[in-house]
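Inside the fold
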Amino acid sequence: MTPSSHVRVALLAWLAMLGVDFLLNAAVFAGMYQGGDTFMLAPVEAFRRIPLGYLAFLIVAFGVVEIAHRLGVAQLKGGIRLGLLLGGVVGSVWGLSLYSIATLRPAAALAFAIIWLAILLVGCAVAAAGLARTSLRGLAVEVAGFDAACVVTVIALQSFGAVPTITL
């Protein structure tokens, strides 16, 4: 694959990672952000800093594409295994590290570990699937569908009151 192909695969992995991050943070763990925990930023400030988090995911996306490429992981199944391994390690380290030095509750540390596991799982799966293809058009459609499903799920859950909404 050419370097430009790696960039396109990384961008698709990043977009998929953003979808799962949105789903987890805006729905599954939304209540965590309203708990008044001193560890967390105020919603307005956290919202303002979202681009920094998305930049971090972009860096991770380029990293997982490079790791998958160097390891020869170019199939979805291998990408899932790589994502579980990397996500398990990073999530565990991240959650335990935060818990050891910050004022967050154990449930919040576990939530952050799960978020990293899911983000790296999805990112590695998309990276490996992209590295296996000669054309990325179908994968781009799948990622767009995945992201749309994440957004629709969050909107539906918030609309029905199943998860809290954050007001700025």
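Residues numbered from 1 in each chain as written. Predicted model: local features only at pLDDT ≥ 70, side-chain atom pairs only at ≥ 80, totals over all residues. Heavy atoms only, no water.

Along the polypeptide, D21 turns up in helix α1 (residues 3–28). Here D21 occupies a buried position and makes no salt bridge, while the nearest side chain of opposite charge, R49, is found at 15 Å. Those residues within four positions of D21 in sequence are excluded, and the remaining contacts are A26, Y54, F57, I115 and I119. (Helix = DSSP H or I, 4+ residues; strand = E, 2+ residues; numbered from the N terminus. Buried < 20%, exposed > 50% of the residue type's maximum accessible area, 1.4 Å probe, protein only. Lys, Arg positive; Asp, Glu negative; His and termini not counted. Salt bridge = Lys/Arg side-chain N within 4 Å of Asp/Glu carboxyl O. Contact = heavy atoms within 4.5 Å.)

Within this structure, the stated rule accounts for four aromatic pairs. Where F57 meets W116, the ring centres are 5.6 Å apart and the plane angle is 80 degrees; that geometry is what we call edge-to-face. One end of the pair, F57, is in helix α3 (residues 50–71); the other, W116, is in helix α5 (residues 106–131), with 59 residues separating them in the sequence. When its relative accessible area of 8% is taken as the criterion, F57 is described as buried. Given a relative accessible area of 16%, W116 falls into the buried group. (Phe/Tyr/Trp six-rings, centres within 6.5 Å; stacked < 30°, edge-to-face > 60°.)

Here we take up helix α6 (residues 137–159). Given a rise of 1.5 Å per residue, 23 residues ought to cover 33 Å, and the 33 Å separating the end C-alpha atoms of α6 matches this to within 8%. Of the positions making up α6, those classed as buried are L139, V143, D147, C150 and V154. The inward-facing, buried residues of α6 contact α1 and α5. (Expected span 1.5 Å × (residues − 1).)

Core analysis: the biggest nonpolar cluster contains 41 residues, and M32, F112, I119, V126 and L139 have the highest contact counts within it. The element that contributes the greatest number of residues to this core is α5, accounting for 16 residues. Beyond its immediate chain neighbours, meaning those up to four positions away, V126 contacts V9, L12, A13, A16, L139 and V143. (Core = buried A, V, L, I, M, F, W, Y, C linked by side-chain atoms within 4.5 Å.)

What follows concerns the side chain of H6. Mapped onto the secondary structure, H6 falls in helix α1. Since its relative accessible area comes to 13%, H6 is described here as buried. Leave out the neighbours within four places in its chain, and H6 touches M1, V65, E66, H69 and L131.

Here F146 shows up in helix α6. With a relative accessible area of 31%, F146 lands in the partly exposed category. For the pair F146 and R105, spaced 41 residues apart in sequence, the C-alpha separation works out to 31 Å.

Its volume calculated, the largest pocket comes out at about 1200 Å³. The wall of the largest pocket is formed by 31 residues, among which D21, N25, Y33, A46 and I50 lie closest to the centre. Where the lining of the largest pocket is concerned, the elements lending two or more residues are α1, α2 (43–48), α3, α4 (76–101), α5 and α6. Within the lining of the largest pocket, the residues separate by chemical class into 25 nonpolar, four polar and two charged. The volume enclosed by the second largest pocket comes to roughly 180 Å³. Lining the second largest pocket we find A16, L76, I80, V122, A125, V126, A129, R133, L139, E142, V143 and F146. (1 Å grid on protein atoms, 1.4 Å probe; cavity = no way out; pocket = protein on both sides within 12 Å on 5 of 7 lines; lining within 4 Å. Points joined across faces, edges and corners; volume = space filled by probe spheres on them. Nonpolar A, V, L, I, M, F, W, Y, C, P; charged D, E, K, R; others polar.)

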